[in-house]
Amino acid sequence: MRLPEKYELQMRRLLGGDYPLYEDSLEESRHFGLRVNELKISVEEFREKVPFHLEPVPWARNGFYYSEEDKPALHPFYYAGLFYIQEPSAMTSAGVLPVEPGDTVLDLCAAPGGKSTQAAVKLNGKGLLVSNDISASRAKALLKNIELFGITNASVISENPYAILQKSDIKFDKIILDAPCSGEGMFRKDPKLRSAWEQNGPENYSKIQQEIIGYAAELLKPGGMMVYSTCTFNELENEGTLISLLSKRDDLELVDIPKEHGFYPGRTETEEQKRFHMERAVRIYPFAVKGEGHFVSLIKKKGERIRPEVFPAGDRKVKLSEEFEEFESHLSMPFDRCRIRVSEGKVYCLPESEFTDAAKKVRYLRNGVLLGEEKKKRFEPSQALAMTLKSDDFDNVISLAADDVRVDKYLKGETISFTAEELGGNYDGTVLFCVEGFTLGWGKLSGTTMKNKYLPGWRKA
């Protein structure tokens, strides 16, 4: 693999005697990973159900390597949100952050959602996840993955980090900052990044990183913790960004990350690197682990930790249509009326800890779960709602085996037919359509034919 000359010199200096190992690793095949969505299925059940060839990722309890030939993104379980496809080394960032149920968590540069979905599993439906991306188009992809995972306690926003600080009163227990970077650690995975590196190198990204991490530090509560990570090797973007922050603030300190699984410590070649304990961070090299390159650090803000603030949704109850009430009667549990909001006919259920009251001017893509839309003489439940439900949460369910050809037809948006025996006498109404008990979306039965209600933008090609 041809490398930019300046980059090659940098890596020779950085790695010394290990450089030949790095050079050889660039010619090897990349590794593929997925992470199980434990909001929907246990790791044990997942391994029993899927036909993939899985091998555990050592640093991610619910992470696995898979064979490229498995093509998991084509399997119905992917569309059911049972797993997230993620590069194995990328699982370290949110993995080392000690998120607990009830925390308020900010993922500052969140798209496409790998770290956010990982944090959401740790929250287990409690507390609040705020997932942000400054790019509105990337934030839409983020929203899809939040919905696909069935996450109910998230606010998805699209703001400049500075704007979040200015527009909100909330501070966070935990922050994920997987910063924009020069992408040196992904040269094997994506060769196009090499030419991009020559055009926009580490110096350009370093300025952006220092600005963002400064805002992130302001948004962090006393006693709170932040993970700062990149997928690059450059010292300026990694240790340099941290030193820039820590030299200005004596209320922050690095927390040691264990040097396991082939992880290297952060650089300690200069006096500043030693003074600010860069050895507490970890560097991940593709010649030392089965994964791509990463840098991961854990930062703690000094001070006494205050338990997470709760921003209740209030006691305002809205009037809902008879059609919504009729639909809700088919659910096993009614929605909390104090958390329901209606806007332009669309019905939303806010998180238990609401972000809105503390950040009314923030630009939202979604706050909580879109339940559906009130239309003339009917209520249309949303795809997002379907993904939050289990098969026993709705009283009219059709579930087929993963290898049933009708599952693939459903995912492509086609009309589905059933036998009278399969329907058991139920020939009319809204249906929650599932694969092996895991929800895929909605359908509308008329006789033995089901009209497809799978969201068009999600359909399989």
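The written sequence of each chain sets the order in which its residues are numbered from 1. Per-residue local features of the predicted model are confined to residues with pLDDT of at least 70, and side-chain atom pairs are confined, for both listing and counting, to 80 or more; whole-chain, interface and lining totals are unaffected and use all residues. Side-chain figures throughout are based on the complete set of non-hydrogen atoms in the structure, without hydrogens or water.

S.K.: What should I look at first to understand the sheet that holds strand β14 (residues 340–343) in this one?
M.R.: In sheet architecture, strand pairing relies on hydrogen bonds along the backbone and comes in two forms, parallel and antiparallel. At least two bridges found by DSSP between two strands are what make those strands a pair. Here a strand is any run of E in DSSP of at least two residues, a helix any run of H or I of at least four, and the numbering for each starts at the N terminus. The strand order β14-β15-β17-β18 describes an open sheet built from 4 strands, whose pairing is antiparallel. The sheet is open, and its two borders are formed by β14 and β18 (378–381), each paired with just one other strand. Averaged over all neighbouring strand pairs, the angle between strand axes comes to 25°, with direction disregarded. Where strand β15 (residues 346–349) lies against strand β17 (residues 369–375), 4 bridges are found, and the strand directions are antiparallel. Its bridge partner being in β17, V347 is matched across the sheet by G372. Axis geometry follows a simple rule: fit a line to the C-alpha atoms, using only the stretch in contact for helices, then measure angles between N-to-C directions, giving values from 0 to 180 degrees.

S.K.: What's the story with the packing of aromatic side chains in this structure? I'm lost.
M.R.: Here a ring pair, both rings aromatic, is described through the centre-centre distance and the interplanar angle of the planes. Ring pairs are drawn from Phe, Tyr and Trp, using the six-membered ring of Trp, whenever the two centres fall within 6.5 Å, and their geometry is named by plane angle: stacked under 30 degrees, edge-to-face over 60, tilted for the rest. Applying the stated criterion across every chain yields a total of 25 aromatic pairs. The interplanar angle of 70° and the centroid separation of 5.5 Å between the aromatic rings of Y7 and W197 together place this pair among those described as edge-to-face. Taken together, the positions of Y7 in helix α1 (residues 5–15) and W197 in helix α9 (residues 192–199) put the pair 190 residues apart, joining distant regions of the chain. You can call W197 buried: its relative accessible area is 6%. Grouping aromatic residues by their ring pairs yields a cluster made of Y19, Y22, F233, Y264, Y285 and F287. We call a charge positioned above a ring when the Lys NZ or Arg CZ atom is no farther than 6 Å from the ring centre and deviates by at most 35 degrees from the ring normal. The lysine or arginine in question, K290, covers the ring of Y65, its NZ or CZ lying 4.6 Å from the ring centre. Type-normalised accessible area, obtained with a 1.4 Å probe on protein chains alone, sets the label of each residue: buried when under 20%, exposed when over 50%, and partly exposed for intermediate values.

S.K.: How should the pairing of strand β7 (residues 154–157) be read in this particular structure?
M.R.: Within a regular strand, side chains alternate between the sheet's two faces. Both faces of β7 are covered, namely the face carrying A154 and V156 and the face carrying S155 and I157. Crossover handedness for the path strand β6 (residues 128–132) to helix α7 (residues 136–148) to β7: right-handed. Convention used here: a crossover is right-handed provided that the path from the first strand, over the helix, to the second strand proceeds clockwise when the strands point away from the viewer.

S.K.: Honestly, the packing of helix α10 (residues 202–219) against helix α11 (residues 239–246) in this entry has me stumped. Any pointers?
M.R.: In a pair of packed helices, the angle between the axes and the distance between the axes together describe the arrangement. Direction vectors running N to C along α10 and α11 enclose 45°, while the axes themselves pass 9 Å from each other. Classed by the angle they form, the pair α10 and α11 counts as oblique. The crossing of α10 and α11 is right-handed. Of the residues in α11, those in contact with S206, Q209, Q210, I213, G214 and A217 of α10 are T241, L242, S244 and L245. Of the residues belonging to the contact of α10 with α11, the class tally is 4 nonpolar, 6 polar and no charged. For this classification, under 35 degrees means roughly parallel, over 145 means roughly antiparallel, 65 to 115 means roughly perpendicular, and everything else is oblique. Note on convention: the crossing is left-handed when the near helix lies turned anticlockwise from the far helix by less than a right angle, right-handed when the turn is clockwise. By definition in these notes, contact holds between two residues if any of their heavy atoms fall within 4.5 Å. Each residue gets one of three labels, nonpolar for Ala, Val, Leu, Ile, Met, Phe, Trp, Tyr, Cys and Pro, charged for Asp, Glu, Lys and Arg, and polar for the others, Gly among them.

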